[in-house]
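Each chain, written out:
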Amino acid sequence: MKHPFGPGALRPGFRAIWTLAAVAVSVPALAATEVPVWYSMSGHNAEAFQALVKSYNQSQSGVQVTLKAFATPQALDQALTAAAATKTLPALAQMGDNHSLDDIAGRPYVQPFYTLEKLPALKNVRWFLSSDNAFVRDPKGQLMAFPSMLRIPVMYYNEDAFKKAKLNPPVPQRTWMELQAQLVTLANNGSRSCPLTSNLPVSINLENLAAVNNQLYASADNGLKAKGLPSFSFDSTYVRHLSLMVTWVRSEIMVRPDAGVRSIQRFGQGECAVLMSSSDHIGEFSGQRNLHYAVTGLPYYPDVTRSPGNPFVSGSALWVMKSSKPVTDAAASFLGWMAQPKQAASWYQQTGYLPLTQAAFEQTPASYYNNLGQWRNLVAVYAMRGAVTSQGFRIRNYPAIHARFEQIIDNALDGKQSAVTALNTAAFEGNQLAHQGAPEAASHKSTRPVHHRAKASTSHRK
């Protein structure tokens, strides 16, 4: 499937689009300054970023952006620690906030992005994501990093597989039980090897099970309240859901989720009928000539919420390192160029990351969305104020918690633990990690999970 502004029309057209953008934009002359940028994107999106930087460098002579790629975010983070010790830091580095913003924002070599927003290159930029969303924003709503690589989880579906199975309409149902019936039909009519798969076991089955069902993922308003420590308490909705996922794996209507790239590759090759993954694969899939796909939102439970809420924003951003004033100004010039309408719109259309600015969303033509299902509607809601349940979460030591949750879910899907045992373990160990290093007074709270039926929130966007 090809889109006029998408990657299907951009190989090798990345260069053509960014060159046109460069010709149309004039950048103030600066002294020749190098701006080193470290990143960890791979594949299609890395190519798009490389083409963007090349076009910027060709558009002016005062700034030279240089790129250094890392295989994983962890490798990049380790390199930053070493570079800080030797004072050889880059000007910009791609990092996620890991839902524990202070871990990055508190580093002595990081400069908050909002301190650059008054510079001429970035002044008056209207960011797309609502300021109440907690991702890469501090409690005052100030941007801590340049929000260029934000994403949301979506449900991709192979249109040919749905038509072959004679499902009418040929789109996934948005409730879990109706989707189950469709997966059985898909398995019996051409998609036996892979009716459904995912590469986001924690995001789909814990984090966004809460957000999409308009529930809190953790107490203290998902850790966004100034007072109180967030705690996990996985209620009967989680138990029912994880039990359902276990039966799906056993009955082979779902391939066990994995956190690697295999599930992405299988869907891209047309093997899987449904994939639950992050939106930043849209550009990659649009470049697959024989893949006809579209996207819709994640499923929900209608007895928990009347209509689905919005999933959490995740991904990464470009963080500014403390540098000399000439380097900081040069970095701001590059980021300002990225934020201008033509570049920002092309970046959104080519990658599947959320729009960087309001102009990027507004200048994207309707034709771009023609073959992408519900993508435009799924994106549009993030410019508006969201319910507390979808604004994000802040939890101490969350990278370690996420890793442990992934192990626990894997054990449950493998039949090594019941859903109840797995979720009790997850809540108990998650709370221990979340409260580790917390003030003594707060840490006296019980970390034992209590199973109860949480009342569904009615404050959500439709």
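Model, not experiment: these values are computed from the prediction. (Residues numbered from 1 in each chain as written. Predicted model: local features only at pLDDT ≥ 70, side-chain atom pairs only at ≥ 80, totals over all residues. Heavy atoms only, no water.)

Caption draft 1: Geometry of empty space enclosed by the protein. Considering all chains together, one arrives at 4 cavities of 30 Å³ or more under this definition. Estimates place the volume of the largest cavity at around 70 Å³. Forming the walls of the largest cavity are W127, F128, L129, F135, V136, R137, L143, P147, L150, L354, P355 and L356. Class assignment for the residues of the lining of the largest cavity results in 11 nonpolar, no polar and 1 charged. Estimated volume of the second largest cavity: approximately 50 Å³. Forming the boundary of the second largest cavity are W176, L196, T197, S198, I204, N205, M245, M254, P257 and M276. Elements with a contribution of two residues or more to the lining of the second largest cavity: β7 (196-198) and α7 (201-212). Element by element, the count of residues in the lining of the second largest cavity is highest for β7, at 3 residues. (1 Å grid on protein atoms, 1.4 Å probe; cavity = no way out; pocket = protein on both sides within 12 Å on 5 of 7 lines; lining within 4 Å. Points joined across faces, edges and corners; volume = space filled by probe spheres on them. Nonpolar A, V, L, I, M, F, W, Y, C, P; charged D, E, K, R; others polar. Helix = DSSP H or I, 4+ residues; strand = E, 2+ residues; numbered from the N terminus.)

Caption draft 2: Main features of the layout of surface pockets. Estimates place the volume of the second largest pocket at around 710 Å³. Forming the walls of the second largest pocket are 28 residues, and the residues nearest its centre are D102, P139, G223, L224 and R394. Per-element tally for the lining of the second largest pocket: the top contributor is helix α4 (residues 102-105), with 3 residues. Considering only residue class, the lining of the second largest pocket consists of 11 nonpolar, 9 polar and 8 charged.

Caption draft 3: How the structure looks around the state of the cysteines. One pass over the structure, following the stated rule, counts 1 disulfide. There is a disulfide in this structure between C194 and C272, and the S-S distance comes to 2.0 Å. Here the S-S torsion is close to 90°, and the disulfide linking C194 with C272 is therefore right-handed. Separated by 78 residues along the polypeptide, C194 in the loop between α6 (176-187) and β7 and C272 in the loop between α10 (262-268) and β8 (274-278) bring together distant segments of the chain. Classification of C194 as buried rests on a relative accessible area of 0%. (Disulfide = S-S within 2.5 Å. Buried < 20%, exposed > 50% of the residue type's maximum accessible area, 1.4 Å probe, protein only.)

Caption draft 4: Here's a closer look at unusual backbone geometry. For the bond running from N168 to P169, omega is 0°, close enough to zero to count as cis. Secondary-structure assignment places P169 in the loop between α5 (159-164) and α6. Despite not being glycine, V136 shows a phi value in the positive range, around 50°. Counting through the fold element by element, V136 comes out in the loop between β4 (110-111) and β5 (146-151). By relative accessible area, V136 is classed as buried at 0%. The phi dihedral of E252 falls on the positive side, at around 65°, and the residue is not glycine. Here E252 lies in the loop between α9 (236-250) and α10.

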